[in-house]
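Commentary on secondary and tertiary structure
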There are 2 protein chains.
Amino acid sequence: MKKDKLDDRKKKVLQAIVEEYINTAEPVSSGTLSKGHGLDYSSATIRNDMAQLENIGFLDKPHTSSGRVPSAKGYRYYVNELLKEDNLSLEEIKYIQKKLEVKVNEIEDLTKAATTTLSEITHYTTVAVGPKADKQIIEEIKFVSLGQRMLMVVIVTDTGLVKETIIKFDEDITNSQVDTLNSLFNVRLKGKPLSKIDKPMAEYIFSEVHYSVGIMKAIIEQINKIVDEEDNSIILEGAKNSFDLPEFKSMKVAKNFVNLLDTKEEMLDIFNSGDAEDINVFIGDDDENSNLKDFSIITFKHTMGDKDLGTIGIIGPKRMDYAKVIAVMKYISKKLNEDNNKKEGM
Amino acid sequence: MKKDKLDDRKKKVLQAIVEEYINTAEPVSSGTLSKGHGLDYSSATIRNDMAQLENIGFLDKPHTSSGRVPSAKGYRYYVNELLKEDNLSLEEIKYIQKKLEVKVNEIEDLTKAATTTLSEITHYTTVAVGPKADKQIIEEIKFVSLGQRMLMVVIVTDTGLVKETIIKFDEDITNSQVDTLNSLFNVRLKGKPLSKIDKPMAEYIFSEVHYSVGIMKAIIEQINKIVDEEDNSIILEGAKNSFDLPEFKSMKVAKNFVNLLDTKEEMLDIFNSGDAEDINVFIGDDDENSNLKDFSIITFKHTMGDKDLGTIGIIGPKRMDYAKVIAVMKYISKKLNEDNNKKEGM
DNA sequence: TTTAGCACTCTTAATATTCGATTGCTAAAT
DNA sequence: ATTTAGCAATCGAATATTAAGAGTGCTAAA
């Protein structure tokens, strides 16, 4: 990697370009910058800086005679080095508090409320993804009979998340069978990670009792479903907002966006790769021809103590308002963890 | 309404125009029709027919010297009077059978499989919406304690749908309290429609026992959630496919589509208004400036005997392949009901 | 009743032209 | 050594012009 040591004025120029471009979505010219951006230099001076910033890869030029646009590297430098903390307005703080305090019943409700609120305040599309199965510890597993031929399996994890599924049988299930299932599964699985409830484990458990093949098969099948449920626990909010952004005038960008949300894989990779402690900023690569090319994703982990409750994130244009988004996220993140710890300590 | 009695040739012309436009998405000219569409008339003759069809509102002209495009009324006539049944290919039939027989455990799974399959075969966006609360009868209501301070409420309806929610308390819940809740709620609510579980009912039930206000409030709150859950039971598949359609080159159309799926209300109105017996075809009004203007929606009710299991539908451009979609829907609908009745009779 | 013929309309694509924003460079100013 | 003014050169975006062609409507003939 190059040295990328910027003198003060170049930093200011880069910052001004990024911020101006975030506001206007138009390439930024040296003239614009020389007046009214706290940069008391002539356009020629700024022009020189811009040329050098372009040389070391912080800026791009859409065409020979146009203003500059930040490159992915430019955004990255801006986010890491130049970003100044944004402050939320009193209204925003009040609004967030109100939205988050209403729903205190379920972790899922809280996640949902946080996701919605994040989208409402930032006007970007927000996504929440539940924690991965191998990170959750089984605290309780319960079989509940419903009618004669239905059984509900409820699994409570250490994070307070509850997963359940229903199993239907071709034959009647007796109460004593239910009892046996309850004690067997609890003994074998309590304290184990959720991902341990797999086929071999179920088969092992069944080897100790004598159930019909039909019952065993039905249970094993549904149990796999619970473990693989990641897709089902995705919350999506405010997708329509994105379509008001100028970048969505390009059909290609709009299509990439829809693909991203519909296919989910690329998105999940980024959501799951983030650091647990921080707010993570992913900036779409310039040249790559993936669906993410034109987008940035900012995520944070929703936690309770040291337990993972999933990831909440924003998907927006690379030209997104990083300062604002990060500020809102920090606040919501803090609020969530406060609430959770309060509850945990009860 | 006008007479709209069409002679045979005009019917053929209208049908040819609709079908050609469905295929090409381009306005259809008299010349195109006169050769190679089974219409052995000169372009001039067809031109005359087209002019008359336009007069009575079956066709539109994008501009003075272009071919014709079907109007909403034209599509409507085509669907009601001219549509000839399409046949599924053997592969398609096999594919549907395979997809639907795998998941036999849960009604929800079956609905999900049907929705996915419908989208895969038609390449349109499909949506499934659960039945409304007032149509479902409570068959069993069960409170299950999880840990010391969590309670899960499970409601089984006559249609075999299971709804559940979790309630967290600030105080411990005793086993005898759970028992009381179980018997009270079951006695009062079994056999009643789901929509009956409302606030007054809960308060009435609570008047018979003496619980802390905290417990009552928490239960009532979550119970309302179950009843209003319509939004949560929406399944959406294949949204990205729509963005490959030529009509989505128009930003306006794409935006309307996203609004439709994001806001849901307009869409739900149409889904819920359909006739229970039939395949319902809604065709977007020409002039209206709603989000639906450019789209058609085709729905059918998923039933078991005479019980409503919800509605499954397709949202596509007005220029959608009605024959194909209706054929696939009819087949899937038949299959679903077969399966359900088989299970019901077990 | 149908069709050939033809003038007319209007879109689309291609081409040219203008306009202006912006740059890069050079030479002068600080 | 740094900054700036000045200016030619570049290139895109907007506008105008033209040409080509697809399609219609109408009239008169078949």
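Residues numbered from 1 in each chain as written. Chains lettered and ligands numbered in written order. Predicted model: local features only at pLDDT ≥ 70, side-chain atom pairs only at ≥ 80, totals over all residues. Heavy atoms only, no water.

Side note on the overall build of chain A
Quick note on the threshold: Helix and strand definitions here come from DSSP, where helices need a minimum of 4 consecutive H or I residues and strands a minimum of 2 consecutive E residues; each element is numbered from the N-terminal end. Here the radius of gyration uses the C-alpha set of atoms, whereas the globule reference equals 2.2 Å times the residue count to the power 0.38. For every residue, the accessible area (1.4 Å probe, protein chains only) is compared with the maximum for its type, and the residue is labelled buried under 20%, exposed over 50%, or partly exposed between those bounds. Throughout, a contact is declared for two residues whenever any of their heavy atoms are within 4.5 Å. Where accessible areas are quoted, they stem from the Shrake-Rupley method and a 1.4 Å probe; at the residue level, only the protein chains shown are allowed to cover.
In terms of regular secondary structure, chain A is built from 13 helices and 10 strands. For a compact globule of 346 residues, the expected C-alpha radius of gyration is about 20 Å, and chain A comes in at 25 Å, more than 25% above that figure. Overall, the C-alpha framework of chain A stretches about 85 × 40 × 35 Å when taken along its three principal axes. Counting over 346 residues, chain A shows a buried share of 54%. Counted over contacts in chain A with a minimum sequence separation of 6, partners at least 24 positions apart contribute 63%. Accessible surface computed for chain A: about 16,000 Å², of which carbon and sulfur atoms make up 48%.

Some thoughts on the packing of helix H1 (residues 8-24) of chain A against helix H3 (residues 43-55) of chain A
Residues and elements named next belong to chain A. Formally: Angles shown run from 0 to 180 degrees and are taken between the N-to-C directions of axes, each axis being a line fitted to C-alpha atoms and, for helices, limited to the stretch in contact. For classification purposes, angles smaller than 35 degrees are called roughly parallel, those larger than 145 roughly antiparallel, those between 65 and 115 roughly perpendicular, and all remaining angles oblique. Residue polarity is assigned by list, with Asp, Glu, Lys and Arg as charged and Ala, Val, Leu, Ile, Met, Phe, Trp, Tyr, Cys and Pro as nonpolar; anything else, Gly included, falls into the polar class.
At a minimum axis distance of 10 Å, the contact between H1 and H3 shows a crossing angle of 85 degrees. If you check the angle between H1 and H3, you find them roughly perpendicular. Contacts from Arg9, Lys10, Val13, Leu14 and Ile17 of H1 reach H3 at Thr45, Ile46, Asp49, Met50, Gln52 and Leu53. Partitioning the contact of H1 with H3 into residue classes produces six nonpolar, two polar and three charged.

Here we look at the interface of chain A and chain B
Spelled out, the test is: Here the quantity called buried area is the accessible surface, traced with a 1.4 Å probe, that two parts lose on coming together, added over both. Criterion for a salt bridge: a side-chain nitrogen of Lys or Arg within 4 Å of a carboxyl oxygen of Asp or Glu. In the analysis that follows, any N or O atom pair within 3.5 Å is treated as a polar contact, provided that within protein one partner can donate a hydrogen and the other can accept it, and provided that, for residues neighboring in sequence, both atoms belong to side chains.
Residue-level contacts link 40 residues of chain A with 40 residues of chain B. Summing both sides of the interface, chain A and chain B together bury roughly 3,500 Å²; the carbon and sulfur share of this comes to 54%. In this structure, the connection of chain A to chain B is made through two salt bridges. Between chain A and chain B we count 11 residue pairs in polar contact (both at pLDDT 80 or more) in total.

Here's the deal with helix H11 (residues 251-263) of chain A
Residue pairs three or four apart in sequence face the same way in an α-helix, which turns once every 3.6 residues. Residues and elements named next belong to chain A. The cut-off we apply is this: Take the residue count of a helix, subtract one, and multiply by 1.5 Å to get its expected span.
For H11, built from 13 residues, the straight-helix expectation of 18 Å at 1.5 Å per residue is met to within 8% by its first-to-last C-alpha distance of 18 Å. Of the positions making up H11, those classed as buried are Val253, Ala254, Asn256, Phe257, Val258, Asn259, Leu260 and Leu261. Following H11 by one or two positions, Lys264 has its phi on the positive side, about 75 degrees.

Digging into the domain arrangement of chain A
The line we're drawing: Either an automatic procedure or a domain database provided the assignment from which the domain bounds are taken.
For chain A, the assigned domains are domain 1 (8-82), domain 2 (90-124 + 238-345) and domain 3 (134-231). Between domain 1 of chain A and domain 3 of chain A, the C-alpha centre-to-centre distance is 59 Å.

Examining the sheet that holds strand S8 (residues 279-283) of chain A
All names here are of chain A. Put simply, the rule is: Strands are treated as partners if at least two bridges between them are detected by DSSP.
Taken together, five strands build an open sheet; the order of strands is S7-S3-S10-S9-S8 and the sheet is antiparallel. Edge positions in the open sheet fall to strand S7 (235-237) and S8, since each of these has one partner strand only. Here the average twist between neighbouring strands, direction ignored, is 20 degrees. Here S8 runs beside strand S9 (residues 295-304); their pairing, made up of five bridges, is antiparallel. Across the sheet, residue Asn280 finds its bridge partner in S9, namely Thr299. The sheet strands contacting helix H12 (residues 265-273) are strand S3 (125-129), S8, S9 and strand S10 (307-317), and the helix crosses S9 at an angle near 50 degrees.

A closer look at the protein's contact with DNA strand C
Threshold: Only a single heavy atom is needed: when it lies within 4 Å of a molecule or strand, its residue is near that molecule or strand.
Taken together, 20 residues lie around DNA strand C, and A:Ser30, B:Thr45, B:His63, B:Thr64 and B:Ser65 are the ones closest in. Considering DNA strand C, the proportion of its atoms within 4 Å of the protein that are sugar or phosphate atoms stands at 75%. The separation between a phosphate oxygen of DNA strand C and a polar side-chain atom of A:Arg68 is 3.2 Å. Between B:Thr64 and DNA strand C, the recorded distance is 3.3 Å, taken from a side-chain N or O atom to a phosphate oxygen. Going through the elements one at a time, H3 of chain A together with helix H3 (43-55) of chain B are the ones with two or more residues in the surface near DNA strand C. Among the elements that take part in the surface near DNA strand C, H3(B) stands out by supplying four residues, more than any other. For the surface near DNA strand C, a count of residues per class yields three nonpolar, 12 polar and five charged.

Let's talk about the pattern of salt bridges
Taken as a whole and judged by the stated rule, the model has 27 salt bridges over all chains. Across the pair B:Glu237 and B:Lys112 runs a salt bridge whose closest N-O atoms are separated by 3.3 Å. Highlighted residues: B:Glu237 in strand S7 (residues 235-237) and B:Lys112 in helix H6 (residues 107-122), separated in sequence by 125 residues. Notably, a salt bridge pairs B:Asp308 with B:Lys135, separated by 3.7 Å at the nearest N-O pair. Taken together, the positions of B:Asp308 in strand S10 (residues 307-317) and B:Lys135 in the loop between strand S3 (125-129) and strand S4 (138-146) put the pair 173 residues apart, joining distant regions of the chain. By sharing partners, the salt bridges in this structure join A:Glu54, A:Lys61 and A:Arg68 into a single network.

Observations concerning the pairing of S4(B)
Residue and element names in this part refer to chain B. For S4, the buried fraction is high: seven of the nine residues fall into the buried class. Pairing of S4 with strand S5 (residues 150-157), which is carried by eight bridges, proceeds in the antiparallel orientation. Its bridge partner being in S5, Leu146 is matched across the sheet by Met150. Between S4 and S5, which pair antiparallel and follow one another directly, the connecting turn spans three residues, one of which, Gly147, has a positive phi of 65 degrees.

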